[in-house]
Amino acid sequence: NAGVTQTPKFQVLKTGQSMTLQCAQDMNHEYMSWYRQDPGMGLRLIHYSVGAGITDQGEVPNGYNVSRSTTEDFPLRLLSAAPSQTSVYFCASSSLGRVAVGGEQFFGPGTRLTVL
Amino acid sequence: AQSVTQLDSHVSVSEGTPVLLRCNYSSSYSPSLFWYVQHPNKGLQLLLKYTSAATLVKGINGFEAEFKKSETSFHLTKPSAHMSDAAEYFCVVSEDPYNQGGKLIFGQGTELSVKP
């Protein structure tokens, strides 16, 4: 069981470039989400999905797109990167049953993104 | 709305002395509460969780936390710090499960330093 995996680990972009952050899980979790971590602010929810074909916005969705074509994968797309998107991005997953009762989520190792 | 406040941004202890990381929360519902730990350049690992069972919760690596509803607190403690405990610790509350957004509300984080 690899758990939640994220690629790449590090990325440097120029303003205006686009890229996709990959997230995959092998636990058959229906629920997946993306968070960004900024100093002194904890983690904030960007987008989430409760199953293949279903996505919704979190707290800070602007500038990011997501799709969920399979249960295993939940990529995060930056369409036109901005310096304000410099952050560490974490993907998380859990079962819907666990989420429904306020249970824990399982996090990937993170992607550190710098936008110049 | 739910919120989490970690009362110290940085705590420094000597090896072998007790650790206390403080967390207060606000919630209109019976909350689920968690402590996650993040070692440098690593992902987030669940330390322990409270989900309305016993108010004293034991976690991994000798950590425990006590849920005190009257004080709306969920402080993390460990009797004797080890060098390997140096990390950032996040107190987390699960948003109203009926919302089904699965959103986790993170505190700002407490960085724990352990001196030899």
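The structure presented is a predicted model; accordingly, all values stated were derived computationally and were not measured.

Applying the stated criterion to the full structure yields eight salt bridges over all chains. Between R36 of chain A and D38 of chain A there is a salt bridge whose closest N-O contact spans 2.9 Å. For the pair shown, R36 of chain A and D38 of chain A are each scored as buried. Between R22 of chain B and D8 of chain B there is a salt bridge, with the nearest N and O atoms lying 3.0 Å from each other. Taken together, the residues R22 of chain B in the loop between β3 (19-21) and β4 (23-26) and D8 of chain B in the loop between β1 (3-6) and β2 (10-14) connect sequence positions 14 residues apart. Taking the relative accessible area as the measure of exposure, D8 of chain B reaches 19% and is therefore buried. Each member of the salt-bridge network shares a partner with another, and the members are R36, D38 and R44 of chain A.

All told, the structure shown has 13 aromatic pairs over all chains when counted by the stated rule. A cation over a ring is seen here: R68 of chain A above F74 of chain A, with NZ or CZ 5.9 Å from the ring centre.

On average, residues of chain B score 90 in pLDDT, and 94% of them are at 70 or above. For chain B, strand β11 (residues 104-106) of chain B is the element with the lowest average pLDDT, namely 88, and β3 of chain B is the one with the highest, namely 98.

Moving on, we get to the interface of chain B and chain A. On the chain A side, the residues contacting the 21 residues of chain B number 23 residues. Here chain B packs against chain A, burying approximately 1700 Å² in sum over the two surfaces, 54% of which is carbon and sulfur. Contact with chain A buries area across many residues of chain B, yet L44, K103 and F106 of chain B alone supply 26% of it, more than any other trio. For the interface between chain B and chain A, the tally reads two salt bridges. Between E104 of chain A and K49 of chain B there is a salt bridge, and its shortest N-O distance comes to 3.0 Å. For the pair chain B and chain A, the interface holds four residue pairs in polar contact (both at pLDDT 80 or more). Put simply, the parts of the chain that give the side of chain B that touches chain A at least two residues each are β5 (33-38), β6 (44-50), β10 (87-94) and β11 of chain B. Residue composition of the side of chain B that touches chain A, grouped by class: eight nonpolar, 10 polar and three charged.

Definitions and cut-offs
Residues numbered from 1 in each chain as written. Chains lettered and ligands numbered in written order. Predicted model: local features only at pLDDT ≥ 70, side-chain atom pairs only at ≥ 80, totals over all residues. Heavy atoms only, no water. Salt bridge = Lys/Arg side-chain N within 4 Å of Asp/Glu carboxyl O. Buried < 20%, exposed > 50% of the residue type's maximum accessible area, 1.4 Å probe, protein only. Helix = DSSP H or I, 4+ residues; strand = E, 2+ residues; numbered from the N terminus. Phe/Tyr/Trp six-rings, centres within 6.5 Å; stacked < 30°, edge-to-face > 60°. Lys NZ or Arg CZ within 6 Å of the ring centre and 35° of its normal. pLDDT = per-residue confidence, 0-100. Contact = heavy atoms within 4.5 Å. Buried area = accessible area lost by both parts, 1.4 Å probe. Polar contact = N/O pair within 3.5 Å; in protein donor to acceptor, adjacent residues only side chain to side chain. Nonpolar A, V, L, I, M, F, W, Y, C, P; charged D, E, K, R; others polar.

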